[in-house]
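Structural features, examined
Residues per chain are reported as follows:
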Amino acid sequence: MSSNLCQLFPGFEIQHVEVEPQIYINAIVGGSGPALLLLHGHPQTLAIWHKVAPTLAEHFTVVAADLRGYGDSSKPVGLPDHSNYSKRVMAQDQLTLMRHLGFESFDLLAHDRGARVAHRLAVDHPQAVSRLILLDIAPTLAMYQQTSDTFARAYWHWFFLIQPASLPERLIEADPTAYIIDVMGRRSAGLEPFDPRALDEYRRCFALEGTAHGVCEDYRASAGIDIEHEQNDIDADRRITAPLLVMWGENGVIQKCFRPLEEWQKLADKLEGEPLPCGHYIAEEAPEALLAKVLPFLLEVDA
């Protein structure tokens, strides 16, 4: 574990688990009780959870993982159809990780790209996900179908990263720190909410060999095979059966461009949700507000 992560997550232990031959998922584990998996978004790492993980670890065994292609997890070369970065494969990574740690079922809290992986995990493996919380996304298919000028300008990286290799990779690798600052700093709250140690961790990991390619492959998969999988779910009426809580930033692009609660109602059997007083990076901008909603939902006893 890097020195920054040791400071941000005192008492947590590192795990580096082989989920496929020569494919490793990096994670940290802390706390005790029922399992809770935390998944991050772009262009970040598991470090996004440092403001909420200690409190969550008072109630749960918290597992915070780096997605395939991000952080200190493996970054394989993408296949021609980008299928090894599909959210189906990335969800299987996390399921294998949790089973390796001894958890057949678990709660799941996820942000941004991680929330897309969590959506797929909940649909493909409903027996594994007890409760699901998705932060600041609408469904991938809906977002592509409803792309507007406002959305495209705000989420320009969605359309930059899907360009054929290796144009976006070369441009990112030329100055990965500038990319981090541009993507994160242009959001509604700027860079002020981010702990310098977490920001250093994002910079360190984004400069690692293979990260630029990994994150591009993540987005290339979403623009192709992932939306095919979502359409197949709709056609077959495969839905999210776990209790689902969705939240988004009232100052963010999801609030401005989409109707997230309406979109998730189309895909989930049991849903609640609301905006929080922040922008996109909920766990770092509004950790107390997030915990105030997450803990009652996760600790609720089913009748």
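What counts, and at which threshold
Residues numbered from 1 in each chain as written. Predicted model: local features only at pLDDT ≥ 70, side-chain atom pairs only at ≥ 80, totals over all residues. Heavy atoms only, no water. Helix = DSSP H or I, 4+ residues; strand = E, 2+ residues; numbered from the N terminus. Rg over C-alpha atoms; globule rule 2.2 N^0.38 Å. Buried < 20%, exposed > 50% of the residue type's maximum accessible area, 1.4 Å probe, protein only. Contact = heavy atoms within 4.5 Å. Areas by Shrake-Rupley, 256 points an atom, 1.4 Å probe, with all protein chains shown as cover. Lys, Arg positive; Asp, Glu negative; His and termini not counted. Charge placed at Lys NZ, Arg CZ, Asp CG, Glu CD. Core = buried A, V, L, I, M, F, W, Y, C linked by side-chain atoms within 4.5 Å. pLDDT = per-residue confidence, 0-100. 1 Å grid on protein atoms, 1.4 Å probe; cavity = no way out; pocket = protein on both sides within 12 Å on 5 of 7 lines; lining within 4 Å. Points joined across faces, edges and corners; volume = space filled by probe spheres on them. Nonpolar A, V, L, I, M, F, W, Y, C, P; charged D, E, K, R; others polar. Disulfide = S-S within 2.5 Å. Arc of directions from axis to C-beta.

So, the overall build of the protein chain
Within the protein chain one finds 16 helices and 8 strands. Its C-alpha atoms give the protein chain a radius of gyration of 17 Å, near enough to 19 Å, the size a compact globule of 303 residues would have. With respect to the principal axes defined by its C-alpha atoms, the protein chain has extents near 55 × 45 × 40 Å. Out of the 303 residues belonging to the protein chain, those deemed buried represent 58%. A fraction of 75% describes how many contacts in the protein chain between residues 6 or more apart in sequence connect residues 24 or more apart. Surface exposure of the protein chain reaches about 11,800 Å², of which carbon and sulfur atoms provide 50%. Taking the average location of the 25 positive side-chain charges in the protein chain and that of its 42 negative ones, the two points are 4 Å from each other.

Quick word on the nonpolar core
Ranked by size, the top nonpolar core spans 102 residues in total, and within it Phe-9, Trp-49, Leu-56, Leu-109, Leu-132, Ile-133 and Leu-290 carry the most contacts. Setting aside its immediate chain neighbours within four residues, Leu-290 contacts Val-52, Leu-135, Met-247, Leu-276, Ile-282 and Ala-283.

Points about the confidence of the model for the protein chain
Overall, the predicted model of the protein chain reaches an average pLDDT of 96, with 99% of residues at or above 70. When mean pLDDT is compared element by element in the protein chain, strand β3 (residues 35-39) scores highest at 99, while helix α1 (residues 3-8) scores lowest at 91.

So, empty space enclosed by the protein
Taken as a whole and assessed by the stated rule, the structure comprises 2 cavities of 30 Å³ or more. Estimated volume of the largest cavity: approximately 70 Å³. Lys-87, Arg-116, His-119, Arg-120, Thr-140, Ser-222, Asp-226, His-229 and Glu-230 together form the lining of the largest cavity. Only α4 (112-124) and α12 (225-236) provide two or more residues apiece to the lining of the largest cavity. Residue composition of the lining of the largest cavity, grouped by class: no nonpolar, 4 polar and 5 charged. Counted as a void, the second largest cavity has a volume near 40 Å³. Along its surface, the second largest cavity is lined by His-119, Val-123, Glu-230, Asp-233, Ile-234, Arg-238 and Leu-267. Put simply, the parts of the chain that give the lining of the second largest cavity at least two residues each are α4 and α12. Here the lining of the second largest cavity gets 3 residues from one element, more than from any other, and that element is α12. Of the residues in the lining of the second largest cavity, the class split is 3 nonpolar, 1 polar and 3 charged.

Side note on the state of the cysteines
Disulfide: a covalent bond formed between the sulfur atoms of two cysteine residues. Applying the stated criterion to the full structure yields 0 disulfides. Cys-257 forms no disulfide, and the closest cysteine sulfur to it belongs to Cys-278, at a distance of 16 Å.

Some thoughts on the environment of Leu-108
Within the fold, Leu-108 resides in strand β5 (residues 106-111). Classification of Leu-108 as buried rests on a relative accessible area of 0%. Sequence separation of Leu-108 and Leu-298 is 190 residues, and the distance between their C-alpha atoms is 9.3 Å.

Here we look at helix α9 (residues 176-185)
When α9 is considered as a whole, its buried residues turn out to be Pro-176, Tyr-179, Ile-180, Val-183 and Met-184. Down the axis of α9, the smallest arc covering the buried residues is 105°, so these residues share one side. Structurally, α9 contributes buried residues whose contacts are with α7 (156-160), α8 (167-174) and α10 (196-206).

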